[in-house]
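Now for the letters of each chain:
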Amino acid sequence: MRTAGHAPPVREPARPFHASGDKWHPLLANFVVGESNRLAHTSAEMILSSPGQFNPLFIWGPSATGKTHLLDGLVTQFRVRRQSPAVSMTAEKFTIEFLEALHGGGLPNFRHKHRGLELLAIDDVQFFRGKKQTVMELVHTIDTAIRSGKQLVLTSDRSPADLTSALPELASRLQGGVVCSLEPPTFEVRRGILQTLSDRFGIALPEDVQELLASSITTHARQLEGAVKLLKVACQARGCTVSRGLAEEMLSDMLQRARSVRLQDIESAVCDAFGIEESALKSARRNKDVSQPRMLAMWLARKHTRAALSEIGQYFGKRSHSTVVSAQRR
């Protein structure tokens, strides 16, 4: 449990896998970087180099895409690299401490404590909805930090636009800073996560098993971790090594639940409906009889899968994520 004002013990980090170029990245242990999270990761690195210049930093995305992992890693590295006071806490913890200070006469100490930090990171700010006094206190804390060159980092499962109606004062501050989204991990990131989990739990995962898990379990890293743990237990119980057959047997329920809709399924369905060959959607052709089905396929992929924009664009002919956004809007 994170406690404001007290730094957690710093463990010797394992070398983090960088999905681009197979390089080890110095920011976070076990945080795999890819197209789904590169912007947020780069922003965190820039804060380590120049705190206060990109203020506040707001990271948002669905549950289990790595927001808390990135936040805690940033705070830990900030303390180590800059030898400066930094705290990571939840929005609930901030609220509890504020209310205790408000009703106990300790408000000056509360403000001195939080506004004096070189880096204050608050997780899950959607929790502040309906807590007007706490929100105003946070807004003043953000304003103070910006004026004094301190760094604020906040996360949420909703975008600033989605927070506007419930938290207008906070949303306006967030929109004036750097806003980064975290999307569900791409296939490459999932492969990188499996590699770090393999090293962490001391279990060898053959290529075909990694391919099976990374292509089938697409929601978040927690499911991948659960799968690797179960395979580790199964191997120890049976005295065997991991094989595709063992993975399919032990993880049958998980793989079945994760099956849902794949990009390949959408491609096949759209091509069948329009009477075109499957290779057409991945081709460079831009004529109407191909471009419209391609846009439909991209829209369906965003609606029915957890694939990131970059992953969808890559699948349908190595197109940019902005092409997918345009297709989704049209």
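All values reported here derive from a predicted model rather than from experimental measurement. (Residues numbered from 1 in each chain as written. Predicted model: local features only at pLDDT ≥ 70, side-chain atom pairs only at ≥ 80, totals over all residues. Heavy atoms only, no water.)

Here's the deal with the sheet that holds strand 3 (residues 57-60)
Hydrogen bonds between backbone atoms are what pair the strands of a sheet, whose relative direction is either parallel or antiparallel.
Phase 1 of the analysis: Strand order in this open sheet of 5 strands is 4-5-6-3-7, and the pairing throughout is parallel. Of all strands in the sheet, those with a lone pairing partner are strand 4 (86-90) and strand 7 (178-181), marking the two edges. Each adjacent strand pair in this sheet contributes to an overall mean axis angle of 15°, direction not counted.
Phase 2 of the analysis: Here 4 bridges tie strand 5 (residues 119-123) to strand 6 (residues 151-156), and the two strands are oriented parallel to one another. Looking at strand 6, one finds that Leu119 is bridged to Gln151.
Phase 3 of the analysis: Across the sheet, helix 2 (residues 67-82) touches strand 3, strand 4, strand 5 and strand 6, and the angle it forms with strand 4 is around 160°. (Pairing = 2+ DSSP bridges. Helix = DSSP H or I, 4+ residues; strand = E, 2+ residues; numbered from the N terminus. Axes fitted to C-alpha atoms, helices over the stretch in contact; angles between N-to-C directions. Contact = heavy atoms within 4.5 Å.)

A few points about the packing of helix 5 (residues 132-148) against helix 7 (residues 168-175)
Phase 1 of the analysis: Orientation of helix 5 relative to helix 7, taken along the N-to-C sense of each, is 25°, at an axis distance of 9 Å. If you check the angle between helix 5 and helix 7, you find them roughly parallel. Seen along the crossing, helix 5 lies across helix 7 with a hand that is left-handed. Residue-level contacts link Val135, Met136, Leu138, Val139, Ile142 and Asp143 of helix 5 to Glu169, Leu170 and Arg173 of helix 7.
Phase 2 of the analysis: Looking at the contact of helix 5 with helix 7 residue by residue, the classes come out as 6 nonpolar, no polar and 3 charged. (Parallel < 35°, antiparallel > 145°, perpendicular 65-115°, else oblique. Left-handed = near helix turned anticlockwise from the far one by under 90°. Nonpolar A, V, L, I, M, F, W, Y, C, P; charged D, E, K, R; others polar.)

Some words on empty space enclosed by the protein
Phase 1 of the analysis: Counted under the stated rule, the structure contains 1 cavity of 30 Å³ or more.
Phase 2 of the analysis: In this structure, the largest cavity encloses a volume near 50 Å³.
Phase 3 of the analysis: Of all the secondary-structure elements, those providing two or more residues to the lining of the largest cavity are helix 4 (107-115), helix 5 and strand 6.
Phase 4 of the analysis: For the lining of the largest cavity, the per-class residue count stands at 4 nonpolar, 3 polar and 2 charged. (1 Å grid on protein atoms, 1.4 Å probe; cavity = no way out; pocket = protein on both sides within 12 Å on 5 of 7 lines; lining within 4 Å. Points joined across faces, edges and corners; volume = space filled by probe spheres on them.)

What about the nonpolar core?
Phase 1 of the analysis: With 26 residues, the main nonpolar core has Ile122, Val125, Phe128, Leu138, Leu154 and Leu170 as its most contacted residues.
Phase 2 of the analysis: Every element with two or more residues in this core is listed here: strand 4, helix 3 (91-104), helix 4, strand 5, helix 5, strand 6 and helix 7.
Phase 3 of the analysis: With 5 residues, helix 5 is the single largest residue contributor to this core.
Phase 4 of the analysis: Formed by 25 residues, the second largest nonpolar core is a distinct cluster that contains Leu205, Ala234, Cys235 and Met254. (Core = buried A, V, L, I, M, F, W, Y, C linked by side-chain atoms within 4.5 Å. Buried < 20%, exposed > 50% of the residue type's maximum accessible area, 1.4 Å probe, protein only.)

So, the pattern of salt bridges
Phase 1 of the analysis: All chains considered together, the criterion is met by 19 salt bridges.
Phase 2 of the analysis: The salt bridge involving Arg191 is made with Glu207; its shortest N-O contact spans 2.7 Å. A residue pair is termed long-range when its members are at least 10 positions apart, and Arg191 in helix 8 (residues 187-201) and Glu207 in helix 9 (residues 207-216) qualify at 16 residues.
Phase 3 of the analysis: By relative accessible area, which is 54% here, Glu207 ends up exposed.
Phase 4 of the analysis: Among the salt bridges present, the one from Glu225 reaches Arg200, with a minimum N-O distance of 3.4 Å. You can see Glu225 sitting in helix 10 (residues 221-238) and its partner Arg200 sitting in helix 8, a full 25 residues away along the chain.
Phase 5 of the analysis: When its relative accessible area of 51% is taken as the criterion, Arg200 is described as exposed.
Phase 6 of the analysis: Via salt bridges that share partners, Lys93, Glu97 and Lys113 belong to a single interconnected network. (Salt bridge = Lys/Arg side-chain N within 4 Å of Asp/Glu carboxyl O.)

A short note on a nonpolar patch on the surface
Phase 1 of the analysis: On the surface, a nonpolar cluster with roughly 270 Å² of combined accessible area is contributed by Phe274, Leu296 and Trp299.
Phase 2 of the analysis: Considering the arrangement of structural elements, one finds Leu296 in helix 14 (residues 288-304). (Patch = residues over 30% accessible without salt bridge, like charges linked within 9 Å, V, L, I, M, F, W, Y side chains within 5 Å. Areas by Shrake-Rupley, 256 points an atom, 1.4 Å probe, with all protein chains shown as cover.)

Let's talk about the confidence of the model for the protein
Phase 1 of the analysis: Looking at the protein as a whole, its pLDDT mean stands at 83, while 89% of the residues score no less than 70.
Phase 2 of the analysis: Per-element confidence in the protein is highest for strand 5, whose mean pLDDT is 95, and lowest for strand 2 (residues 23-24), whose mean pLDDT is 34.
Phase 3 of the analysis: Long-range and interchain partners of residues 1-27, a stretch whose pLDDT sits below 50, account for 60 contacts in this model, where long-range means more than four residues apart. (pLDDT = per-residue confidence, 0-100.)

Considering the environment of Val125
Phase 1 of the analysis: Relative to the helices and strands, Val125 is located in the loop between strand 5 and helix 5.
Phase 2 of the analysis: Looking at Val125, the relative accessible area reads 0%, which means it is buried.
Phase 3 of the analysis: Taking the C-alpha atoms as reference points, Val125 and Ala91, separated by 34 residues in sequence, lie 5.4 Å from one another.
Phase 4 of the analysis: Once you skip the residues sitting within four places of it in the chain, Val125 turns out to touch Phe58, Ala91, Leu154, Thr155, Ser156, Leu163, Leu167 and Leu170.

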